[in-house]
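Each chain is listed here by its residues.
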Amino acid sequence: MLQDFTRSYAETLDKSDALARYREEFYLPQDGIYMDGNSLGLLSKRAEQTLLESLQDWKELGIDGWMSGRHPWFNLSEELAGLNAPLIGARAEEVMVTGSTTVNLHQLVASFYKPEGKKTKILADTLTFPSDIYALKSQLELRGLNPEDHLVQVESPDGRYLREDDIIAAMTDEIALIVLPTVLYRSGQILDMARLAKAAHERDILIGFDACHSVGAIPHAFHDWGVDFAYWCNYKHLNGGPGSVGGLFVHERHFGTTPGLAGWFGSRKDKQFDMDHTMTPADHAGAFQIGTPHVLSLAPQLGALEMFNEVGMEAIREKSLALTTYLMDLVETVLAPYGFVLGSPRDEAARGAHLSLEHPEAARICKALKQHRVIPDFRAPNIIRLAPVALYNTFTDVYDVVQILKTIMDDKEYEAFVNVREVVA
Ligand SMILES: Cc1ncc(COP(=O)(O)O)c(C=O)c1O
Ligand SMILES: Nc1ccccc1C(=O)C[C@H](N)C(=O)O
């Protein structure tokens, strides 16, 4: 446990930080501390550059940008898949940068959910992000199945964490497909994906993961773990920009599966412009693309992902854990008298890259933080989420945020606000 609570100790940690120089590559909020990179990552100069290059290509080349741009648009999704693959432990052909999180989930469920005989149910959990549940329910309804009977949601014993034992116990012979988060969006708990994939396959069930809160935050080995599919967004830890194009992974053992939602960009590249009414799908994860890629929402990823490949996920994870451990230590000591409850795992193996601080006044404490130019986010009913990001936050940021929280609590500054969330929290 931490012994030194001085700011100069935080500065010492920053001086020995091997990733410190990356901070200068980002546009940081002026006079503020950004702690929300798990919701929307910041713009980097490299991402700005690659976006501007694609605009320039459009300006100069028009339609020829598809084949003659600096990064030809026709292959941009594939090029970015190559940059995403090492971050999730996959082969490049198993990845595609396409769609969005929710759209990719629809595509993957449409492709891999094959109710048959007794095996007709989908297993998810009660803590996952709502969009996933909306998508799963609508997929069931499209097949004429009632979500009340066909969607099974594993309960959490405490509203924060899921137990792998409970999930495995719910893998009955009625389950056809499992969809779970890699990292829970509130508590930041990491599920043991290798164990869950093994248990699912022993029971002849397919398993897919929502990796929104883990991609760019922790290393993965989706291929070696045998995960059937995964999907994620590139706008959080990967800093691809608001609404940036998402990603999907399909294990190579499933290559050749007919896409549930077909479209011409899922074609084999050499066949696509034959304009044949019989589709020839790509023989890799590219088959799950649907329509024309959103080039301007892909382009920033070229610059953004370059940094991740340069640094490597191991180094990012090492710094991320050091930052969250430091934040936990400060919260448990400096903020001990104020009624905060740490709603994230202490255990490093189960801890993602953001922390959840629970407090009955959380909504208005977030407003008071914003008045101090600290950017957290609030998740109902009582969570302040803080994400110190390895590439651009410092130990001093963490120290300062905790001191600001102490001031807010000491002076009851939060009482100046109403304890309800903003429209976008
Ligand atoms: C875990 C998780 N799943 C799904 C979503 C929805 O993603 P999108 O709006 O990009 O479809 C989000 C965030 O918005 C998320 O955090
Ligand atoms: N896409 C967004 C658009 C607007 C505001 C937030 C989001 C988020 O991504 C929130 C995030 N998924 C979360 O874990 O809460």
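The residue count restarts for each chain, going from 1 along the sequence in the order it is written. Written order decides the labels, with chains lettered from A and ligands numbered from 1. Confidence filtering applies because this is a predicted model: local features only for residues at pLDDT of at least 70, side-chain atom pairs given and counted only at 80 or more, and all residues used for totals across whole chains, interfaces and linings. Side-chain numbers come from the whole structure's heavy atoms, not from hydrogens or water.

Novice: Please give an account of the site of ligand 2 that cites residues and values.
Specialist: The cutoff for a nearby residue is simple: one of its non-hydrogen atoms must lie within 4 Å of the molecule or strand. Taken together, S39, F129, Y185, H213, Y235, K236, R379, R385 and V424 make up the full set of residues adjacent to ligand 2. In the model, a nitrogen atom of ligand 2 is placed 3.1 Å from a nitrogen or oxygen of the Y235 side chain. Between N or O atoms, a polar contact is any pair within 3.5 Å; within protein, one atom must be a potential hydrogen donor and the other a potential acceptor, and residues adjacent in sequence are included only when both atoms are from side chains. Measuring from an oxygen atom of ligand 2, one finds a side-chain N or O atom of R379 at 2.8 Å. Partitioning the shell around ligand 2 into residue classes produces 4 nonpolar, 2 polar and 3 charged. Amino acids outside the nonpolar list (Ala, Val, Leu, Ile, Met, Phe, Trp, Tyr, Cys, Pro) and the charged list (Asp, Glu, Lys, Arg) are all regarded as polar, and Gly is one of them.

Novice: Tell me what's going on with the UniProt feature "modified residue: N6-(pyridoxal phosphate)lysine" (unreviewed entry) in the chain, and back it up with residues and numbers.
Specialist: UniProt positions are given in the numbering used here, feature names are shortened, and annotations may be inferred rather than shown by experiment. Per the UniProt entry, the sites bearing "modified residue: N6-(pyridoxal phosphate)lysine" (unreviewed entry) are K236 in this numbering. Position of K236 among the secondary structure elements: in the loop between strand 7 (229-232) and strand 8 (247-250). Using a relative accessible area of 9% as the deciding quantity, one classes K236 as buried. Not counting chain neighbours up to four residues away, the residues in contact with K236 comprise G37, N38, S39, L40, G41, C212 and H213. Runs of E in the DSSP output that reach at least two residues are strands. Runs of H or I that reach at least four are helices, and both are numbered from the N terminus. The cut-offs for exposure are 20% and 50% of the maximum accessible area for each residue type, with area from a 1.4 Å probe on protein chains only; residues under the lower value are buried, those over the upper are exposed, and the others partly exposed. Residues are treated as being in contact if the distance between any of their heavy atoms lies within 4.5 Å.

Novice: How would you summarise helix 15 (residues 395-410) if you had to cite specific residues and measurements?
Specialist: One less than the number of residues in a helix, times 1.5 Å, gives the span that helix is expected to have. With 16 residues, helix 15 extends 23 Å between its outermost C-alpha atoms, agreeing within 8% with the 22 Å of an ideal straight helix rising 1.5 Å per residue. Of all the 16 residues making up helix 15, 12 are buried; the element is thus mostly covered by neighbouring parts of the structure. Burial in helix 15 covers these residues: F395, T396, D397, V398, Y399, D400, V401, V402, I404, L405, I408 and M409. Looking one or two places after helix 15, you find K412, whose phi comes out positive at around 50°.

Novice: Which residues make up the packing of aromatic side chains, and what values do they have?
Specialist: The pairing test for Phe, Tyr and Trp rings, Trp by its six-membered ring, is centres within 6.5 Å, and the orientation test on the planes gives stacked under 30 degrees, edge-to-face over 60, and tilted for anything in between. Per the counting criterion, the structure on display carries 15 aromatic pairs. Each ring, one from F74 and one from F273, has its centre 6.0 Å from the other, and the planes form 65°; the classification is edge-to-face. A residue pair is termed long-range when its members are at least 10 positions apart, and F74 in the loop between helix 3 (65-68) and helix 4 (76-88) and F273 in the loop between helix 11 (269-272) and helix 12 (295-311) qualify at 199 residues. Among the residues examined, F74 registers a relative accessible area of 10% and is labelled buried.

Novice: Go over the sheet that holds strand 12 (residues 377-379), please, and point to the residues and values.
Specialist: To summarise the sheet geometry, strands pair through backbone hydrogen bonds and adopt either a parallel or an antiparallel arrangement. One requirement defines pairing of two strands: DSSP has to find at least two bridges between them. Taken in spatial order, the 4 strands line up as 9-10-13-12 in an open sheet, and their pairing is antiparallel. Two strands lie at the open edges of the sheet, namely strand 9 (341-342) and strand 12, each paired on one side alone. Alignment of strand 10 (residues 355-358) against strand 13 (residues 383-386), held across 4 bridges, turns out to be antiparallel. By the bridge assignment, S356 is partnered in strand 13 with R385.

Novice: Summarise the packing of helix 14 (residues 362-371) against helix 15; cite the residues concerned and give the values.
Specialist: Helix axes are fitted only over the stretch in contact, all axes being lines through C-alpha atoms; the angle between N-to-C directions runs from 0 to 180 degrees. Between helix 14 and helix 15, the least distance of the axes is 10 Å, while the angle of their chain directions is 120°. The pairing of helix 14 with helix 15 is recorded here as oblique in orientation. Along this stretch, helix 14 crosses helix 15, giving a crossing that reads as right-handed. Where helix 14 abuts helix 15, its residues I365, A368 and L369 lie against I404, L405, I408 and M409. Its residues placed into classes, the contact of helix 14 with helix 15 shows 7 nonpolar, no polar and no charged. Oblique is the label for every angle not falling under 35 degrees (roughly parallel), over 145 degrees (roughly antiparallel), or within 65 to 115 degrees (roughly perpendicular). Rotating anticlockwise by less than a right angle from the far helix to the near helix defines a left-handed crossing, while the corresponding clockwise rotation defines a right-handed one.

Novice: Give me the pattern of salt bridges: which residues, what numbers.
Specialist: The working definition used for a salt bridge is a side-chain nitrogen of Lys or Arg within 4 Å of a carboxyl oxygen of Asp or Glu. Taken as a whole and assessed by the stated rule, the structure comprises 26 salt bridges. For E310, the salt bridge is made with R46, and the minimal N-O distance between the two is 2.8 Å. Of this pair, E310 sits in helix 12 while R46 sits in helix 2 (residues 45-61), and the two are 264 residues apart along the sequence. Judged by relative accessible area, E310 falls into the partly exposed class, the value being 42%. Take R46: its relative accessible area is 16%, and that puts it in the buried class. For K118, the salt bridge is made with D173, and the minimal N-O distance between the two is 3.0 Å.

Novice: Before we move on, could you go through the packing of helix 2 against helix 12 and cite the residues and values that matter?
Specialist: At a minimum axis distance of 7 Å, the contact between helix 2 and helix 12 shows a crossing angle of 145°. Between helix 2 and helix 12 lies a crossing whose hand is right-handed. Across the interface between the two elements, R46, A47, T50, L51, S54, L55 and W58 of helix 2 pack against L296, A299, P300, L302, G303, A304, E306, M307 and E310 of helix 12.

Novice: Would you mind going over the site of ligand 1 in detail, with residue names and values included?
Specialist: All residues adjacent to ligand 1 are S100, T101, T102, F129, D132, D210, C212, H213, Y235 and K236. At 2.5 Å from an oxygen atom of ligand 1 is found a side-chain nitrogen or oxygen belonging to T102. In this structure, D132 approaches ligand 1 through a side-chain N or O atom, which is 3.3 Å from a nitrogen atom. All accessibility values rest on the Shrake-Rupley procedure with a 1.4 Å probe; residue burial counts only the protein chains present in the view. Compared with its free state, where it exposes 400 Å², ligand 1 has 83% of that area covered by protein. For the shell around ligand 1, the per-class residue count stands at 3 nonpolar, 4 polar and 3 charged.

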